[in-house]
Amino acid sequence: MYNFSNKKIIVTGITGGIAHASVKLLASLGAEIIVTARTAKKLELGLSGIEGNVSGEILDLTDSNAIKNFFDKVGSFDHLVTPAASSSFSLIKELDLDASRKLLETKQWGQLLCVHYALPHLKSTGSITLFSGTVTQKPLLGATMFASAGAATEAAGRIWAHELAPIRVNTVVPGVIETRIWGDLLGEEQADAQLNSIANTLPVKRIGTAEEVAKAVAFLIDNGFVNGISLVIDGGHRLI
Ligand SMILES: NC(=O)c1ccc[n+]([C@@H]2O[C@H](COP(=O)([O-])OP(=O)(O)OC[C@H]3O[C@@H](n4cnc5c(N)ncnc54)[C@H](OP(=O)(O)O)[C@@H]3O)[C@@H](O)[C@H]2O)c1
């Protein structure tokens, strides 16, 4: 099993399902973790149930000065993990402009700004783990903004793996994972129906868990020879 003792890891968005599971796992493996949340109340909620050396700061990814100040305050650290992002789902005909812009602002620009402002403090032995989604490879109606921001992030990640060497840069590409993202997007009832129907079509006959994505995050942080990849965790969704 991995041992992250003496490693300081930053994970954005502790109230998110994948972030929460990742922090829980990384903390259990000995890491010191600094997480972020948009408000003090959300930070408190997000940290509940997590044991280990975990502390938090308030951060909204739409505030670039705050991102810079956050990284300057944390100082030197080992690994950056950036799952926080807002979500938006609409057909291009009916595009929700505000939500779409916010998705780009958090999922593409927000991850990019985190990398930019983290760099003066990120150790050269460290790594960056970005987030995309399988909609970059498997077209899903309504997922234009997820796909756009995700594809841009995956492409940038490969460039950064060159530019920032020896820092490693990889992207996690989740398929359909059970987190609040679906209820937020579709409403609880429709989300349940949608997830059940997708589960039946998948080769593995179920959707994924945040804990399974967390294991991929730990793998990417740990394995010093994995660099510049997009790691798909989708139960085979892109194959059908
Ligand atoms: N779950 C899936 O099926 C799936 C599939 C493909 C890709 N992904 C990607 O995987 C990553 C994690 O997904 P998830 O399902 O864990 O997401 P999630 O549960 O919806 O959590 C999203 C997180 O982002 C935070 N956030 C939203 N807007 C923010 C802002 N302006 N500033 C700072 N934080 C902000 C949220 O904080 P608040 O609590 O304040 O809203 C929350 O902590 C995302 O990039 C997502 O697009 C997920």
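Residues numbered from 1 in each chain as written. Predicted model: local features only at pLDDT ≥ 70, side-chain atom pairs only at ≥ 80, totals over all residues. Heavy atoms only, no water.

1. With respect to the pairing of strand β6 (residues 168-174)
Then comes step 1: Burial analysis of β6 places seven of its seven residues in the buried class, the great majority of the element.
Then comes step 2: Burial along β6 is two-sided: Arg168, Asn170, Val172 and Pro174 and Val169, Thr171 and Val173, pointing in opposite directions, are all buried.
Then comes step 3: Pairing of strand β5 (residues 122-131) with β6 involves five bridges; the strand directions are parallel. Among the inter-strand pairings, Leu130 is bridged to a residue of β6, identified as Thr171.
Then comes step 4: Bridging between β6 and strand β9 (residues 230-233) involves four bridges; their strand directions are parallel. Across the sheet, Thr171 pairs through a bridge with Ser230, a residue of β9. (Buried < 20%, exposed > 50% of the residue type's maximum accessible area, 1.4 Å probe, protein only. Helix = DSSP H or I, 4+ residues; strand = E, 2+ residues; numbered from the N terminus. Pairing = 2+ DSSP bridges.)

2. A word on the pattern of salt bridges
Then comes step 1: This structure, assessed with the given rule, holds seven salt bridges.
Then comes step 2: With a closest N to O distance of 3.0 Å, Glu57 and Lys73 form a salt bridge. Of this pair, Glu57 sits in strand β3 (residues 54-58) while Lys73 sits in helix α3 (residues 64-74), placing them 16 residues apart in sequence.
Then comes step 3: By relative accessible area, Glu57 is classed as partly exposed at 23%.
Then comes step 4: On the accessibility criterion, Lys73 (59% relative accessible area) is exposed. (Salt bridge = Lys/Arg side-chain N within 4 Å of Asp/Glu carboxyl O.)

3. What about the nonpolar core?
Then comes step 1: Within the largest apolar cluster, 33 residues are counted, with the highest numbers of intra-cluster contacts made by Val11, Val23, Leu26 and Ile33.
Then comes step 2: Sorting the residues of this core by element identifies β1 (8-11), α1 (17-28), β2 (32-37) and α8 (210-222) as the ones contributing at least two each.
Then comes step 3: Here this core gets eight residues from one element, more than from any other, and that element is α8.
Then comes step 4: Those residues in contact with Val11 that lie beyond four places of it in its chain are Ala19, Val23, Leu26, Ile33, Ile34, Val35, Thr36, Val81 and Pro83.
Then comes step 5: The next biggest cluster of nonpolar side chains, apart from the first, holds 24 residues, and it includes Ile34, Val74, Ile128 and Ile167. (Core = buried A, V, L, I, M, F, W, Y, C linked by side-chain atoms within 4.5 Å. Contact = heavy atoms within 4.5 Å.)

4. What about the site of the ligand?
Then comes step 1: Around the ligand there are 29 residues in total, and Thr15, Arg38, Lys42, Thr179 and Arg180 lie nearest to it.
Then comes step 2: With respect to the ligand, the backbone of Gly13 contributes an N or O atom lying 3.2 Å from an oxygen atom.
Then comes step 3: Calculation on the ligand without its partners gives an accessible area of 910 Å², and the protein chains cover 94% of this total.
Then comes step 4: Elements represented by at least two residues in the shell around the ligand include exactly α1, α4 (97-118) and α6 (180-186).
Then comes step 5: Its residues placed into classes, the shell around the ligand shows 13 nonpolar, eleven polar and five charged. (Near = heavy atom within 4 Å. Polar contact = N/O pair within 3.5 Å; in protein donor to acceptor, adjacent residues only side chain to side chain. Areas by Shrake-Rupley, 256 points an atom, 1.4 Å probe, with all protein chains shown as cover. Nonpolar A, V, L, I, M, F, W, Y, C, P; charged D, E, K, R; others polar.)

5. Observations regarding the side chain of Thr171
Then comes step 1: By secondary structure assignment, the location of Thr171 is in strand β6.
Then comes step 2: You can call Thr171 buried: its relative accessible area is 1%.

6. Points about the packing of α3 against α4
When two helices pack together, you describe them by how their axes are tilted relative to each other and by the distance separating the axes.
Then comes step 1: Two elements in contact, α3 and α4, have axes separated by 9 Å at closest approach and are oriented at 40 degrees. Relative to α4, α3 is oriented so that their crossing is right-handed. Here Ser64, Ile67, Lys68 and Phe71 of α3 come into contact with α4, specifically with Gly110, Leu113, Cys114, Tyr117 and Ala118.
Then comes step 2: Here the residues of the contact of α3 with α4 sort into six nonpolar, two polar and one charged. (Axes fitted to C-alpha atoms, helices over the stretch in contact; angles between N-to-C directions. Left-handed = near helix turned anticlockwise from the far one by under 90°.)

7. Quick word on the packing of aromatic side chains
Then comes step 1: Inspection of the entire model under this criterion finds three aromatic pairs.
Then comes step 2: Joined through ring pairs, the aromatic side chains of Phe70, Phe71 and Phe77 make up one cluster. (Phe/Tyr/Trp six-rings, centres within 6.5 Å; stacked < 30°, edge-to-face > 60°.)

8. A short note on unusual backbone geometry
Then comes step 1: Looking along the chain, the bond that leaves Ala165 and enters Pro166 is cis, with omega of 10 degrees.
Then comes step 2: In this structure, Pro166 sits in the loop between α5 (144-163) and β6.
Then comes step 3: Unusually for a residue other than glycine, Asn6 sits at a positive phi of about 70 degrees.
Then comes step 4: Looking at the secondary structure, you find Asn6 in the segment before β1.
Then comes step 5: Of note in this structure, Lys205 is not a glycine but carries a positive phi near 60 degrees.
Then comes step 6: With respect to the secondary-structure elements, Lys205 resides in the loop between α7 (188-201) and β8 (208-209).

9. Observations regarding the environment of Ser86
Then comes step 1: Tracing the backbone through its elements, the reader meets Ser86 in the loop between β4 (77-81) and α4.
Then comes step 2: In the structure, Ser86 is positioned 16 residues away from Lys102 in sequence and 6.7 Å away in space, judged by C-alpha atoms.
Then comes step 3: Sequence-distant contacts of Ser86, defined by excluding residues within four places in its chain, comprise Lys102, Leu103, Thr106 and Phe146.
Then comes step 4: Separated by 3.5 Å, the side chain of Ser86 and the backbone nitrogen of Leu103 make a polar contact.

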